[in-house]
Amino acid sequence: VIFDFMKKLQKNNKELEVLGDGNQKKSYLYVGDGVDGIFFAIEHFKEQKNIFNLGHTEFMNVLKLADIICEELELKNVQYKCAGGARGWKGDSPLVHLDITKLQKLGWSPKTSIEEGIRKTVRYLKQHPEALERIEGKEEKERKEAEKLKSLKEELDRLKDMEKDFALASLKLKNLREKMDLKNK
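Residues numbered from 1 in each chain as written. Predicted model: local features only at pLDDT ≥ 70, side-chain atom pairs only at ≥ 80, totals over all residues. Heavy atoms only, no water.

The biggest cluster of nonpolar side chains holds 21 residues, and the ones touching the most others in it are I2, F5, L65, I69 and I118. Every element with two or more residues in this core is listed here: helix 1 (2–11), strand 1 (15–18), helix 3 (62–72), helix 5 (114–127) and helix 6 (129–184). Top element by residues in this core is helix 3. It accounts for six residues. Other than its neighbours up to four places away in sequence, I118 contacts I2, M60, L65, I68 and I69. Formed by six residues, the second largest nonpolar core is a distinct cluster that contains A41, F45, I100 and L103. (Core = buried A, V, L, I, M, F, W, Y, C linked by side-chain atoms within 4.5 Å. Buried < 20%, exposed > 50% of the residue type's maximum accessible area, 1.4 Å probe, protein only. Helix = DSSP H or I, 4+ residues; strand = E, 2+ residues; numbered from the N terminus. Contact = heavy atoms within 4.5 Å.)

A few words now on the environment of V96. Residue position: V96 is located in strand 5 (residues 95–96). Judged by its relative accessible area of 28%, V96 falls in the partly exposed class. In this structure, the C-alpha to C-alpha distance between V96 and G55, residues 41 residues apart in sequence, is 9.3 Å.

As a further point, take the state of the cysteines. The full count for this structure, using the stated rule, is zero disulfides. Counting only cysteine sulfurs, C82 is the nearest neighbor of C70, a cysteine outside any disulfide, at a range of 12 Å. Take C70: its relative accessible area is 4%, and that puts it in the buried class. (Disulfide = S-S within 2.5 Å.)

Here the phi dihedral of E74 falls at roughly 60°; this positive angle occurs in a residue that is not glycine. Summarising the element assignment, E74 is placed in the loop between helix 3 and strand 4 (79–82). For N77, which is not a glycine, the phi torsion comes out positive at approximately 55°. Looking at where N77 falls in the secondary structure, it is placed in the loop between helix 3 and strand 4.

Moving on, we get to the environment of E145. Locating E145 in the fold gives a position in helix 6. Along the sequence, E145 and L159 sit 14 residues apart, while their C-alpha atoms lie 21 Å from each other.

With that settled, consider the pattern of salt bridges. Tallied over the entire structure, the rule returns eight salt bridges. The salt bridge partner of K26 is D92, with a shortest N-O separation of 2.5 Å. Placement of K26 in strand 2 (residues 25–26) and of D92 in the loop between strand 4 and strand 5 is noted, with a sequence separation of 66 residues between them. Taken individually, K26 and D92 each receive the classification buried, so the pair is uniform in this respect. (Salt bridge = Lys/Arg side-chain N within 4 Å of Asp/Glu carboxyl O.)

We now examine the side chain of H56. The topology assignment puts H56 in the loop between helix 2 (31–44) and strand 3 (60–61). On the accessibility criterion, H56 (3% relative accessible area) is buried. Among the polar contacts made by the side chain of H56, one reaches the main-chain amide nitrogen of E58 at a distance of 3.1 Å. In this structure H56 touches S27, Y28, L29, H97, L98, I100, P110, T112, S113 and I114, once residues within four positions along its chain are discounted. (Polar contact = N/O pair within 3.5 Å; in protein donor to acceptor, adjacent residues only side chain to side chain.)

Here you go:
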């Protein structure tokens, strides 16, 4: 969400499209806590295979997250344009709050509040704008590849039509030759 909002705000810092009604609540986890959680689990679970959730004990709605991003970017009076609905997209959930008690029982919990994690991430991305550019570049590359594929399909369809026209013209020419051969006999 942070990447998405920052890219949108780079394009238009007066308006921010928010998928859904903005009230979806998520237990956002700071990347550093996520990495710590993975290593903690590897060190403390002795089984070869195991399942555990990484998440936060807190949760935050999307509009509050947008407020924090705008504040960190020093943007004022940004208009939020909510797309509506309790779900931001197909498959989205209005509430994502993972049960992390399995890891908590062994002593792990996130150290960074959701708000501070968002602020740290925005500051990092401000200091490293190339990270946003790489992501934008990947999306642009995928868009161009999709356009190229569409263009190739259209060209193939055009060639197939030409092939049909050529086959029909060839058949007509054959019929015309046969008629001429009959007249010449």
